[in-house]
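Structural characterization, general
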Amino acid sequence: MDLPLVVGVDGSEPSLRAVDWAADEAVLRGVPLRLVYASLWERYEGASLAQDVGKPSEQVMAEDIVAAAARRAAWRQAGVKVSTDVLPEEPEYALVRESRAASALVMATRGRSGMVEMLLGSVSLAVAAHADCPVIVLRGGQEQRGGPETHGRIVVGVAEGPAGSAAVRFAAAEAELRGVPLEAVRAWRHPAHPAGSESARLHEERAAETLEAAVSEAAEQHPGVDLRRRTVEGHARRVLLDVSRDAGLLVVGAQRTQGAFGLQLGRVTHGVLHHAACPVAVVPHRS
């Protein structure tokens, strides 16, 4: 049985546009779409959604939210199989649990000011840090770009170790599905005070070796993908934010430590989730 693509919906316009994005993705992947509303609050007060369902805002209930989202998905992709659920609990806990039986989880963030729109919401951050499946986060208007219909290239940030390889495998599969190029990027830095005779060329060569080790398996498994390798001097966060400006999807890995508590996201992943110009997929790898 194909695992569904899960979307966290909250009745906001960004989350409904994320439903559009996810409906396209579900059809592309050939999987069902599952729409989940999780909240301890029974009612949702939002003028936009209230107008859509034809009720005063104080009468809009959780069932109205998922029903509106389901209609939106069916209108976007008539052939997609849609299921819905209302979960009376904190959304971060509910969505992390949903991730255990999902092919991927899609979330959109929203805010009421320019500064809030620039920063990632706490629920999205918590889910991205703890989910068992890849989490795709769309922030502030990104719902309108980066979906399968835009054919934007996919960029994957290559880190050292298994987490980097897991991200590359996911990115290669996505690129093959969409029929777009995949650019694997490894950032490197020349120390301000190099030891002995270490040169910039040596650091760049090491970056190229790390990059090749991470992409070799994906290149064999997806020979039809136009895989481009790139090493860039600079801080990884800045490099990835730069390449996100003309990408359809940015993929990064996240190392999960069994039994660890707190946020399990590195500074680079944190940075791109907050500021990337395109949707970001966080792909977990458990140690």
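Residues numbered from 1 in each chain as written. Predicted model: local features only at pLDDT ≥ 70, side-chain atom pairs only at ≥ 80, totals over all residues. Heavy atoms only, no water.

Helices and strands together make up the secondary structure of the chain, namely ten helices and ten strands. Buried residues in the chain amount to 51% of all 287 residues. Summarising the internal contacts of the chain: among those between residues at least 6 apart in sequence, 77% fall at separations of at least 24. A total accessible area of about 13400 Å² is found for the chain, and carbon and sulfur atoms account for 51% of it. (Helix = DSSP H or I, 4+ residues; strand = E, 2+ residues; numbered from the N terminus. Buried < 20%, exposed > 50% of the residue type's maximum accessible area, 1.4 Å probe, protein only. Contact = heavy atoms within 4.5 Å. Areas by Shrake-Rupley, 256 points an atom, 1.4 Å probe, with all protein chains shown as cover.)

In this structure, L33, V106, V156, L182 and V251 are the most contacted members of the largest nonpolar core, which totals 48 residues. When near neighbours in sequence (up to four residues on either side) are disregarded, V106 contacts L5, V6, V7, G8, A18, W21, A22, I136 and L138. Residues L241, V252, L265 and C278 belong to the second largest nonpolar core, which totals 37 residues. (Core = buried A, V, L, I, M, F, W, Y, C linked by side-chain atoms within 4.5 Å.)

The contact between helix α1 (residues 13-29) and helix α3 (residues 62-76) brings their axes to 9 Å, and the two run at 40°. As the angle between them shows, α1 and α3 are arranged oblique. For the element pair α1 and α3, the recorded crossing hand is right-handed. Counted together, E13, L16, R17, V19, D20, A23 and D24 of α1 and A69, R72, A73 and R76 of α3 form the full contact between these two elements. Here the residues of the contact of α1 with α3 sort into five nonpolar, no polar and six charged. (Axes fitted to C-alpha atoms, helices over the stretch in contact; angles between N-to-C directions. Parallel < 35°, antiparallel > 145°, perpendicular 65-115°, else oblique. Left-handed = near helix turned anticlockwise from the far one by under 90°. Nonpolar A, V, L, I, M, F, W, Y, C, P; charged D, E, K, R; others polar.)

What follows is about the pairing of strand β7 (residues 182-188). Of all seven residues in β7, seven are buried; the element is thus mostly enclosed. Here β7 shows no split at all, with L182, A184, R186 and W188 on one side and E183, V185 and A187 on the other all buried. With four bridges connecting them, strand β6 (residues 154-157) and β7 associate as parallel partners. Residue V156 lies in a different strand from β7, and its bridge partner there is A184. Remark: the β6/helix α7 (residues 162-178)/β7 crossover connection has right-handed handedness. Bridge analysis of β7 against strand β8 (residues 227-233) gives seven bridges, and the strand direction is parallel. Bridge pairing in β8 places A184 opposite R229. (Pairing = 2+ DSSP bridges. Right-handed = clockwise from strand over helix to strand, strands pointing away.)

The topology assignment puts V123 in helix α6 (residues 122-130). With a relative accessible area of 25%, V123 lands in the partly exposed category. C-alpha of V123 to C-alpha of Y93: the two residues are 30 residues apart in sequence and 9.1 Å apart in space. Those residues in contact with V123 that lie beyond four places of it in its chain are P91, E92 and M107.

With that settled, the discussion passes to the pattern of salt bridges. Tallied over the full model, the rule gives 19 salt bridges. Ionic pairing is found between R72 and D20, a salt bridge with its closest N-O pair at 3.1 Å. Taken together, the residues span a long stretch of sequence, with R72 in helix α3 and D20 in helix α1 at a distance of 52 residues. Residues participating in the shared-partner salt-bridge network are E13, R17, D20 and R72. (Salt bridge = Lys/Arg side-chain N within 4 Å of Asp/Glu carboxyl O.)

The subject of this paragraph is a negative patch on the surface. Together, E204, E205, E209 and E233 line one region of the surface with negative charge. Within the secondary structure, E233 sits in strand β8. (Patch = residues over 30% accessible without salt bridge, like charges linked within 9 Å, V, L, I, M, F, W, Y side chains within 5 Å. Lys, Arg positive; Asp, Glu negative; His and termini not counted. Charge placed at Lys NZ, Arg CZ, Asp CG, Glu CD.)

What follows covers the side chain of S39. For S39, the position within the fold is in the loop between β2 (33-38) and α2 (47-53). Overall, the relative accessible area of 14% leaves S39 in the buried class. Leaving out residues up to four positions away in the same chain, S39 has contacts with L87, P88 and E89.

For the rest of this paragraph, the subject is helix α8 (residues 200-221). The α-helix advances 3.6 residues per turn, and as a result positions three or four apart in sequence lie on the same side. Along its 22 residues, α8 runs 33 Å from first to last C-alpha, staying within 8% of the 32 Å computed at 1.5 Å per residue. Taken together, the buried positions of α8 are H203, A207, T210, L211, A214, V215 and A218. In this structure, the buried side of α8 is in contact with α7, β7 and β8. (Expected span 1.5 Å × (residues − 1).)

What follows is about the side chain of S15. Mapped onto the elements of the fold, S15 is located in helix α1. Only 3.1 Å separates the side chain of S15 from the side chain of D10, close enough to count as a polar contact. Here the side chain of S15 touches S12 through a polar contact of 3.0 Å, landing on its backbone oxygen. Contacts of S15, omitting those with residues within four sequence positions, involve G8, V9, D10 and A108. (Polar contact = N/O pair within 3.5 Å; in protein donor to acceptor, adjacent residues only side chain to side chain.)

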